[in-house]
Amino acid sequence: MDSTFTCLYCGKAKPQNESSLEHAIPQFMGGEYAPQIFQLTNVCKTCNNNLGLWVDASYAKSWFITNYLAEAARLLCTKPDDPGLPLRCMGKAQIPNLDVPDEHVAEHWIGPSGETITWIRPNDERMDSYTGGNPIDTKKKPSVAYFFPVSESPEKHTLGLRSFHRSLEKRKARKILCAELRDPNGAKVDPKVWGFDSPTADDVLNREAIRTAIHAGNIPMQVVVNTKFDQRFMCKLSLGIGYSLFGEDFLTHATASEARKGVWRPSDGTKSAMRGTSTLFACDTPFAKVVGYPGAVAIIVMKSGPSWSMCVSIDEKIPFIIELGPGSMTSQHVNSEEGYALLLFPYRENCVELTMAALIAHRLEVMKHSALEQIDLIRGAASQFDAQLAASSP
Ligand SMILES: [Zn+2]
């Protein structure tokens, strides 16, 4: 039978109809805007589903990554009617007198100008460290989000509202406005026009409880962090990137099988011998400055000593460095002298592919790269917009 394939992630032989289309670079990193070579067809449906929920989401929804991605997006937001920025997560909130149903929690989020959002959503203890909880549950099970605007400024208003709605777009959440809104002429605006639902009697009480807590500055918050949130994900990403760039040869080396072990954590307790430096231990190293880019999810592949390594950073921060395989591997996509760089800008829905040497030359202003010059212009406009926003009425 020739109609089987070996799944990249689990390494098992699977019938052809079990194959699924998978982005080697997940969506939250901007994978859907990445070059074609990063689309995989040798991933089984089971891995695609399970790893998406337990590995990708565990990284993407960790407190660090949620907030670094929000920060990166902000560097590229140029006007109030941009799609709306990701909200920042402050953690689970204990608000006195708030009615939180059983098996639910209240989570506190902050909008781009300091708007506060209290989201009462289903709780899944297995995903305690996920901001926003179980992403599948919150698509299906009802929840309620209370939005407190902070400002009369129309720009802040527009951006805050767009950000709020964007973050709940795929959630089954009722949206309750917690202040009176007025248009630029001072006339009262019907909250429905802004996409809000009518409050129930319980909402009215909850709204009051949150308002009281905010005014008293009394909202104890708790953040749950899994300090190993990045290792499994980086092992999985290294499999996808290594295979996309170096093909079948990549799979013949010990690094690939160790990465697979790192994804699956074998039940006999053997640890993956993957070599790398994790996020929490390599924070803000000078290395990350050179191989990252402001506002970008940067994936850099370069030869260091006898092997190929991959470095992943977000907005020049939290670099993770992992070994991909021996330096003898070759790729038509990677210049073995100059290295490979992929800068993804999920918020702008684009990416820039170049050599690492070209990236460094651009950053040192030795030789400008035209696509990065465009990004730099956007960043300039975004920083102007940010200053304008800060100066607009409170
Ligand atoms: Zn599989």
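Residues numbered from 1 in each chain as written. Predicted model: local features only at pLDDT ≥ 70, side-chain atom pairs only at ≥ 80, totals over all residues. Heavy atoms only, no water.

Participant: Give me the lowdown on the overall build of the protein chain, citing residues and values where you can.
Facilitator: Per the secondary structure count, the protein chain includes 11 helices and 16 strands. Over its C-alpha trace the protein chain gives a radius of gyration of 23 Å, about what one expects of a compact globule, namely 21 Å for 394 residues. Over its C-alpha atoms, taken along the principal directions, the protein chain stretches across nearly 70 × 50 × 35 Å. In the protein chain, which comprises 394 residues, the share counted as buried stands at 50%. In the protein chain, of all internal contacts separated by at least 6 residues, the share reaching a separation of at least 24 is 63%. (Helix = DSSP H or I, 4+ residues; strand = E, 2+ residues; numbered from the N terminus. Rg over C-alpha atoms; globule rule 2.2 N^0.38 Å. Buried < 20%, exposed > 50% of the residue type's maximum accessible area, 1.4 Å probe, protein only. Contact = heavy atoms within 4.5 Å.)

Participant: Describe in detail the environment of H362, supporting the description with residues and values.
Facilitator: Along the chain, H362 falls in helix 10 (residues 356-363). Between the alpha carbons of H362 and F148 there is a distance of 42 Å; along the sequence they are 214 residues apart. In this view, H362 contacts Y293, M367, K368, H369, L372, E373 and D376; residues no more than four positions away in its chain are not counted.

Participant: Help me get a handle on the pairing of strand 12 (residues 297-304), residues and values and all.
Facilitator: The buried fraction of strand 12 is high, at six of eight residues. Two elements, strand 12 and strand 13 (residues 307-314), share eight bridges in a ladder whose sense is antiparallel. Bridging from a neighbouring strand, V301 pairs with M310 of strand 13. Hairpin remark: strand 12 followed by strand 13, antiparallel, with two residues in the connecting loop; positive phi at G305, about 60°. (Pairing = 2+ DSSP bridges.)

Participant: Residue-level account of the coordination of the zinc ion, with values.
Facilitator: Protein-derived ligands of the zinc ion are C7 (SG), C10 (SG), C44 (SG) and C47 (SG), with the metal-ligand distances lying across 2.3 to 2.4 Å. Coordination at the zinc ion is tetrahedral, judged from the four donor atoms that bind it and the angles of 102 to 120° they form at the metal. All donors of the zinc ion come from a single chain, and their spacing in sequence reads C-x2-C-x33-C-x2-C. One end of the pair, C10, is in the loop between strand 1 (4-6) and strand 2 (13-15); the other, C47, is in helix 1 (residues 45-60), and 37 residues separate them in sequence. (Donors = N, O, S within 2.8 Å, 3.2 Å for Na, K, Ca; no water. Tetrahedral: all angles 85-135°; square planar, octahedral: opposite > 155°, others 65-115°.)

Participant: With reference to specific residues and values, describe the domain arrangement of the protein chain.
Facilitator: In terms of domains, the protein chain is made up of domain 1 (4-59 + 227-363) and domain 2 (63-222). The distance between the C-alpha centroids of domain 1 and domain 2 comes to 33 Å. Each partner contributes residues to the interface: domain 1 has 18 residues there, and domain 2 has 22 residues. In this assembly, domain 1 packs against domain 2 so that about 1,800 Å² is buried in total across both faces, 75% of it on carbon and sulfur atoms. A salt bridge links D82 to R348; the nearest nitrogen and oxygen atoms lie 3.7 Å apart. Our count for the contact surface shared by domain 1 and domain 2 stands at three residue pairs in polar contact (both at pLDDT 80 or more). Secondary structure elements with two or more residues in the side of domain 1 that touches domain 2: helix 1 and strand 14 (317-326). (Domains from an automatic or database assignment. Buried area = accessible area lost by both parts, 1.4 Å probe. Salt bridge = Lys/Arg side-chain N within 4 Å of Asp/Glu carboxyl O. Polar contact = N/O pair within 3.5 Å; in protein donor to acceptor, adjacent residues only side chain to side chain.)

Participant: Provide a residue-level description of the UniProt feature "domain: HNH endonuclease" (unreviewed entry) in the protein chain, including the pertinent values.
Facilitator: Here the UniProt feature "domain: HNH endonuclease" (unreviewed entry) sits at residues 7-62. For residues 7-62, the helix share is 29%, the strand share is 25%, and the end-to-end C-alpha distance is 27 Å. (UniProt positions renumbered as here; feature names shortened; annotations may be inferred.)

Participant: How would you explain the sheet that holds strand 9 (residues 173-177) if you had to name every residue and give the values?
Facilitator: The strand order across the open sheet formed by six strands is 9-8-7-6-5-10, and the pairing between neighbours is mixed. Both edges of this open sheet fall to strand 9 and strand 10 (221-222), since each of them pairs with a single strand only. Sitting on the sheet, helix 2 (residues 63-74) is in contact with strand 5 (88-93) and strand 6 (104-110), with an inclination near 145° to strand 5. The strands touched by helix 5 (residues 201-215) are strand 7 (116-122), strand 8 (143-148) and strand 9; relative to strand 8, the strand with the most contacts, the crossing angle is about 45°. (Axes fitted to C-alpha atoms, helices over the stretch in contact; angles between N-to-C directions.)

Participant: Tell me about unusual backbone geometry, residues and numbers included.
Facilitator: One non-glycine residue with positive phi stands out, namely N97, at about 70°. Not every positive phi belongs to a glycine, and E349 is a case in point at roughly 55°.

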